[in-house]
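Here is how the chains run, residue by residue.
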Amino acid sequence: LLAGQILWVSYSQLLPVGALTLVVLALWFGLHECLGRLGFYTLFACTVTASVQLVGVYLVFASLIIPALATRRYPRVQRLAAGYVLGTLGYALGLIASAVFDLPSGALIVWSLAVLGGIAYGARAYNNTTQ
């Protein structure tokens, strides 16, 4: 469960988690003001539990923490989009590097997220100091 099995996830495993994700996103973006903290933590617990079963603790928590920290200085409007872009690029570059260098995919995804997160954070910090 630590490193996960991201390369061996089948569609039969992925489809229920994808459906759960759609339900969670619909509830959060549609009713987030009504749900409150208890609703948030319930949705969060369901999502994390399902995700850990597929890709492992290491990737799930790196995917939660690194984009959030890297984009915390971004304007509120840009933060969510920048986090999604960072996560998508991190996963793509990590999987590509894993295939090219024949190294563990989970670790390379986390390293890619960390490097891109550092670049995104540094670029924003540099941009704030030059203006």
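Scroll up for the structure.
The following refers to the structure shown. The structure presented is a predicted model; accordingly, all values stated were derived computationally and were not measured. Each residue is numbered by its place in its chain's sequence as written, counting from 1. Confidence filtering applies because this is a predicted model: local features only for residues at pLDDT of at least 70, side-chain atom pairs given and counted only at 80 or more, and all residues used for totals across whole chains, interfaces and linings. To get the side-chain values, all heavy atoms of the structure are used, and hydrogens and water are removed first.

**Topic: the packing of helix 3 (residues 76-101) against helix 4 (residues 105-130)**
Under this scheme, a helix contributes an axis fitted over its contacting stretch, all axes are lines through C-alpha atoms, and angles between N-to-C directions fall in the 0 to 180 degree range. Per the convention used, a helix needs a DSSP run of H or I reaching at least four residues, while a strand needs a run of E reaching at least two, with both numbered from the N terminus. Between helix 3 and helix 4, the least distance of the axes is 7 Å, while the angle of their chain directions is 140 degrees. Considering their axes alone, helix 3 and helix 4 lie oblique with respect to each other. Crossing hand, helix 3 versus helix 4: right-handed. Of the residues in helix 4, those touching helix 3 at Gln78, Leu86, Gly87, Leu89, Gly90, Tyr91, Leu93, Gly94, Leu95, Ala97 and Ser98 are Ser105, Leu108, Ile109, Ser112, Leu113, Leu116, Gly117, Ala120 and Arg124. When residues are sorted by character, Ala, Val, Leu, Ile, Met, Phe, Trp, Tyr, Cys and Pro go into the nonpolar class, Asp, Glu, Lys and Arg into the charged class, and all the rest, Gly among them, into the polar class. Here the contact of helix 3 with helix 4 is composed, by residue class, of eleven nonpolar, eight polar and one charged. When describing relative orientation, an angle under 35 degrees is termed roughly parallel and one over 145 degrees roughly antiparallel, while 65 to 115 degrees is termed roughly perpendicular and anything else oblique. Definitions for this section: a left-handed crossing has its near helix turned counterclockwise from the far helix by less than a right angle. A right-handed crossing has that turn clockwise. By the convention used here, residues are in contact when the closest approach between their heavy atoms is within 4.5 Å.

**A look at helix 2 (residues 57-70)**
The span you would expect from a helix comes to 1.5 Å times its residue count less one. In this model, helix 2 (14 residues) spans 20 Å end to end at C-alpha, consistent with the 20 Å of a helix rising 1.5 Å per residue. Per-residue accessibility, obtained with a 1.4 Å probe over protein chains only, is compared with the maximum for each type, and a residue is labelled buried under 20%, exposed over 50%, and partly exposed between these values. Among the residues of helix 2, Leu59, Val60, Ala62, Ile66, Pro67 and Ala70 are the ones counted as buried. Packing partners of the buried residues in helix 2 comprise helix 1 (11-55), helix 3 and helix 4.

**A closer look at the side chain of Ser98**
Mapped onto the fold, Ser98 is located in helix 3. For Ser98, a relative accessible area of 8% translates into the label buried. With sequence-adjacent residues up to four places away left out, Ser98 is seen in contact with Leu103, Pro104, Ser105 and Leu108.

**Brief notes about the packing of aromatic side chains**
Here is the rule: rings of Phe, Tyr and Trp (six-membered ring for Trp) pair when centre to centre is within 6.5 Å. Planes less than 30 degrees apart are stacked, more than 60 are edge-to-face, and the remainder are tilted. According to the stated counting rule, one finds three aromatic pairs in the structure shown. Aromatic pair Phe40 and Tyr41: ring centres 5.1 Å apart, planes at 70 degrees, arrangement edge-to-face. Taking the relative accessible area as the measure of exposure, Phe40 reaches 34% and is therefore partly exposed. Measuring from ring centre to ring centre gives 5.8 Å for Phe40 and Phe44, while their planes differ by 25 degrees; the resulting arrangement is stacked. In this pair, Phe40 and Phe44 both sit in helix 1, four residues apart, roughly one turn of the helix. Taken together, Trp28, Phe40, Tyr41 and Phe44 form an aromatic cluster joined through their ring pairs.

**Digging into unusual backbone geometry**
The phi torsion at Asp102 lies on the positive side, around 55 degrees, for a residue other than glycine. Structurally, Asp102 is set in the loop between helix 3 and helix 4.

**Digging into helix 3**
Relative to the 38 Å expected for 26 residues at 1.5 Å per residue, helix 3 spans 37 Å between its end C-alpha atoms, a close match to the ideal helical length. When helix 3 is considered as a whole, its buried residues turn out to be Ala82, Gly83, Leu86, Gly87, Gly90, Gly94, Ala97 and Ser98. In the core, the buried residues of helix 3 are packed alongside helix 2 and helix 4. Looking at the residues trailing helix 3, positive phi occurs at Asp102, about 55 degrees.

**Thoughts on the packing of helix 2 against helix 3**
Helix 3 packs onto helix 2 with a crossing angle of 135 degrees between their chain directions and a minimal axis gap of 9 Å. When the axes of helix 2 and helix 3 are compared, the pair comes out oblique. Helix 3 is crossed by helix 2, and the crossing has right-handed handedness. Across from Leu59, Ser63, Ile66, Pro67 and Ala70 in helix 2, the residues of helix 3 making contact are Gly83, Leu86 and Tyr91. Here the contact of helix 2 with helix 3 is composed, by residue class, of six nonpolar, two polar and no charged.

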